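Chain by chain, the residues:
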Amino acid sequence: MEDTGKKKKGTEALNRRDFVKKSAIAAGTVLAASNSLPKIIRTAEAAQRDHILIGRPNPTTGPLAGFGEGSPWADEIAIKEINKNGGIYIKKLGKKLPIKIKMIDTESNPSKAGEAAARLIVRDKVDLMLAYHTPDTVNPVTAICERYKMPSISLDAPLEPWLGGGPYKWAYHAFWSVEKDIVPVYTGIWDEIKTNKKVGVLMANDPDGVSWSKVFKEEGGKMGYELFDLGRFPYGLQDFSPFINAWKKNKCEILLANTIPPDFITAWRQCKRLGFVPKVATVGKALLFPSVAKALGGDLANGISTEVWWSPHHPFSSSLSGMTAKQMCDRWTKETGKEWLQPLGFKYAGYEIAADALKRAASLDKDTIRQAIGATDIKTIVGPIKYNSENYARTPLVGGQWAKGTTFPWDVKITYNKTAPNIPKTGKTFAIS
Amino acid sequence: MVRRPFKYRWYLLGFIFILLATVPIWGSDYVLLLGLLFCLYVALSQMWNLLTGYSGLLSLGQQAFIGFGGYTMAVTTNYYGINVWLSILTGGIFSVFLALFMSLFIFRMRGIFFAIGTWIFAEILLLWFSNWEFVKYGMGLFIKPPNPPSMQMIYYASLVMGVGSVAIVYLILRSKIGLGLMAMRDNEDVSQSMGVEIFRSKLFCFLVAAFITGATAGVLYVFQIFIQPYKAFAMDWTVSLVFIVIIGGIGTIEGPIVGTFIFILLNQYLSEYGHISLLLLGSIAIAIILVAPKGIMGTLQEKTGFEILSPRRL
């Protein structure tokens, strides 16, 4: 560097010493100027508010797209109802503001979900975050909301993996627990069919798979079930024969799985090909949607059990319009021509919680909104929501089984309700043959 | 054509530095976020450029250091309650150990074999971390430092990494090692016979790159809060770095800076279009390779002699 300085004195306008001196002066000027600048660049908020903005990172594409499918349909009907009479009254402005949402695709990728949340907060300046659908979306989004002190309402992701990021101050969550809800529902379904109590385990290497397998190992053993677990497998695995052969060798009559939909399709087809037919198959996450049941092909979906967290038979109704779960599903089918989906109710319920909290807060101050969310106590379309001291609420869970449908090729029937007897049974558990 | 460093380069560089250093004062939170990503990607791509553009080490395994550095930081802060800045430094140091270990194997390979070797190491680490109970398998870790830093602190850490990486590359290239490196890149055998210590120079660069990449990843994950093996050790990282360096200009110091600027801006605007964004990024890369094979800065240098940070001393 010094060489250049000497050799090029003629051509170069500046040597290092000069540079240091001049840049110091420049730095001083910039610093001085920047003290007045921020007012110009940073303002433009608050003063001219004409709507309340809710951030919505959504897995529209990627392996979780099945969860995102009900958007923006469910979002739009909820927003329409909230905005019907002008929206939410804000005391400070003395007027009602309508709600708007900004949706960004997370591509089912947890890193992208975190970045999307950060962008919604700092660029779009949302007032509130609403996040749904599996730990891959909810966990990174709520973590970013905690960092930026952004009130966040999340649903539809099991409690245990979410609680790993706590204690939370700004994020509130509602869904069921693996230990307290999934285990009783799944073992309840297993108990309804006579088996040798040997369980083959197929769990993906993701937050759900890791937490489920851990809980089932502890609880299932106590209940007299023997678990055959070869370990977690990565997304996109193409060959499940080592798993299947081990289950066959040990004569497993029950299959316990938690995978993303595409992986279960591959695995279950290979089970059929290799002649592994368990009497009971309880499959978490993958078999929630009719589209996946159909994609399995043939009669492969028949008799597979899954968790049911929402259905048209749930005896709950909207706090916004009084619409029942059944009415909502019928409307979905009428307007889209598709069969009802479990996430529909939860998508809608997020707005119920948001609207209720915003109404009580009557303010756009983040901390006031946060406290209002914390004090939530309402009956939504997915059941009653009241957060506890760890910022979560449990929603009811029952068990269902896929069977041939009447209007659509496959229907999930509610076959196990001992965990929530207020939700009626619509079918009886049968063994897969 | 006689290349001559840009006359007002020190003004320009000083201006950019001051602009970046004062972002927390003048910029909105959004500008701060963009500045943060810019600095981090400059540091990461500058290191890939040092390896591939100057040392002839085609690395496809930068994600090994990103994941390893990130996880070291996460584990030391979460499990041992170590100060977050110290743990970022630890992440860098552990990456150097990893690089030393890797070099035992891959430094016996050349060219494309070296590239595959680095990639395999990254894949091994991915498998290891995703099946390791200590780091909770594929569930990932929430990074909860005992003293959570503010966004401004994280930004300044990233600024140190970004500016530091540029300065280090500049200093290396202006040194004796740099001269040897460029000779080596042009013709390895001849330079060896001329007395360039090939193994030592390559190893030196490999270790420097490992340190900066690992520490930068630490800052990145302090910002992201959530680390998960499938994303931390993903090939996507190296793909992004290749994109940045290729469009910016491989084998130039300014290239990665210009490339990162374009990459960050494109990402911000394209991310709302989902999958199309990847198509567009790909098309842009192809177009630039066809029109300007040496990247934006490389072609600019060749055509006009415009150069800001010259590794040459004449």
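About the criteria used
- Residues numbered from 1 in each chain as written.
- Chains lettered and ligands numbered in written order.
- Predicted model: local features only at pLDDT ≥ 70, side-chain atom pairs only at ≥ 80, totals over all residues.
- Heavy atoms only, no water.
- Helix = DSSP H or I, 4+ residues; strand = E, 2+ residues; numbered from the N terminus.
- Rg over C-alpha atoms; globule rule 2.2 N^0.38 Å.
- Buried < 20%, exposed > 50% of the residue type's maximum accessible area, 1.4 Å probe, protein only.
- Contact = heavy atoms within 4.5 Å.
- Areas by Shrake-Rupley, 256 points an atom, 1.4 Å probe, with all protein chains shown as cover.
- Lys, Arg positive; Asp, Glu negative; His and termini not counted.
- Charge placed at Lys NZ, Arg CZ, Asp CG, Glu CD.
- Core = buried A, V, L, I, M, F, W, Y, C linked by side-chain atoms within 4.5 Å.
- Axes fitted to C-alpha atoms, helices over the stretch in contact; angles between N-to-C directions.
- Parallel < 35°, antiparallel > 145°, perpendicular 65-115°, else oblique.
- Left-handed = near helix turned anticlockwise from the far one by under 90°.
- Nonpolar A, V, L, I, M, F, W, Y, C, P; charged D, E, K, R; others polar.
- Expected span 1.5 Å × (residues − 1).
- Pairing = 2+ DSSP bridges.
- Right-handed = clockwise from strand over helix to strand, strands pointing away.
- Phe/Tyr/Trp six-rings, centres within 6.5 Å; stacked < 30°, edge-to-face > 60°.

(A) The arrangement of the overall build of chain B in detail. In terms of helices and strands, chain B carries 15 helices and 4 strands. Whereas a compact globule of 314 residues would reach a radius of gyration of roughly 20 Å, chain B reaches 19 Å, a difference of no more than 12%. A principal-axis box enclosing the C-alpha atoms of chain B has dimensions of 55 × 50 × 35 Å. Buried residues in chain B amount to 58% of all 314 residues. For chain B, the share of sequence-separated contacts (at least 6 apart) that also reach a separation of at least 24 residues comes to 80%. Total accessible area on chain B is roughly 13,200 Å²; 73% of this is exposed by carbon and sulfur atoms. Here chain B contributes 18 positively and 12 negatively charged side chains, and the mean placements of these two sets differ by 9 Å.

(B) Structural view of the nonpolar core. Counting residues in hydrophobic clusters, the biggest one holds 127 residues, and the most contacted among them are Ile121, Met129 and Tyr148 of chain A together with Phe206 and Tyr221 of chain B. Ranked by size, the runner-up nonpolar core spans 112 residues in total, among them Leu130, Trp268, Val283 and Trp332 of chain A.

(C) Examining the packing of helix α4 (residues 62–80) of chain B against helix α10 (residues 198–224) of chain B more closely. Residue and element names in this part refer to chain B. It is at 7 Å that the axes of α4 and α10 come closest, and there the two elements cross at 50°. With respect to α10, the axis of α4 lies oblique. Every pair of crossing elements has a handedness; the one defined by α4 and α10 is right-handed. From α4, Gln62, Phe65, Ile66, Gly69, Gly70 and Met73 reach across to α10, where they touch Phe206, Ala210, Thr213, Gly214, Ala217, Gly218, Tyr221 and Val222. Considering only residue class, the contact of α4 with α10 consists of 8 nonpolar, 6 polar and no charged.

(D) Broad picture of helix α6 (residues 111–130) of chain B. Residues and elements named next belong to chain B. Across its 20 residues, α6 extends 29 Å between first and last C-alpha, which sits within 8% of the 28 Å expected from 1.5 Å per residue. Where α6 is concerned, the buried positions are Phe114, Ala115, Gly117, Thr118, Phe121, Ala122, Leu125, Leu126, Phe129 and Ser130. Along its buried surface, α6 packs onto α4, α5 (84–106), α10 and α11 (229–232).

(E) Quick look at the pairing of strand β5 (residues 128–132) of chain A. All names here are of chain A. Within β5, 5 of the 5 residues are buried, leaving the element largely enclosed by the surrounding structure. Going residue by residue along β5, you find Leu128, Leu130 and Tyr132 tucked away on one face and Met129 and Ala131 tucked away on the opposite face as well. Summarising the sheet, strand β1 (residues 52–58) and β5 pair through 2 bridges and their orientation is parallel. Bridge pairing links Gly55 to Met129 in β5.

(F) Expanded view of the pairing of strand β9 (residues 226–229) of chain A. All names here are of chain A. Two strands pair when backbone bridges link them, and strand β8 (residues 198–203) and β9 are joined in this way by 4 bridges, in the parallel orientation. Bridge pairing in β9 places Val201 opposite Asp229. Read from β8 through helix α9 (residues 207–222) to β9, the crossover connection turns out right-handed.

(G) Examining the packing of aromatic side chains more closely. Applying the stated rule across the entire model yields 45 aromatic pairs over all chains. Judged by centre distance (6.1 Å) and plane angle (75°), the rings of Phe233 of chain A and Phe243 of chain A are edge-to-face. With Phe233 of chain A in the loop between β9 and α10 (241–249) and Phe243 of chain A in helix α10, this pair connects stretches of sequence that are 10 residues apart. Each member of the pair Phe233 of chain A and Phe243 of chain A is classed as buried. Arranged with centres 5.7 Å apart and planes meeting at 70°, the rings of Tyr155 of chain B and Tyr156 of chain B form a pair that is edge-to-face. Its relative accessible area of 33% is what places Tyr156 of chain B among the partly exposed residues.

(H) Here's a closer look at the packing of helix α4 (residues 73–83) of chain A against helix α13 (residues 325–336) of chain A. Residue and element names in this part refer to chain A. At a closest axis distance of 11 Å, the pairing of α4 and α13 adopts a crossing angle of 115°. The way α4 lies across α13 gives a crossing that is right-handed. Touching Trp73, Ala74, Ile77 and Glu81 of α4 are Met328, Arg331, Trp332, Glu335 and Thr336, all from α13. Here the residues of the contact of α4 with α13 sort into 5 nonpolar, 1 polar and 3 charged.

So, to be careful, I would describe these as geometric facts and stop short of saying anything about function.
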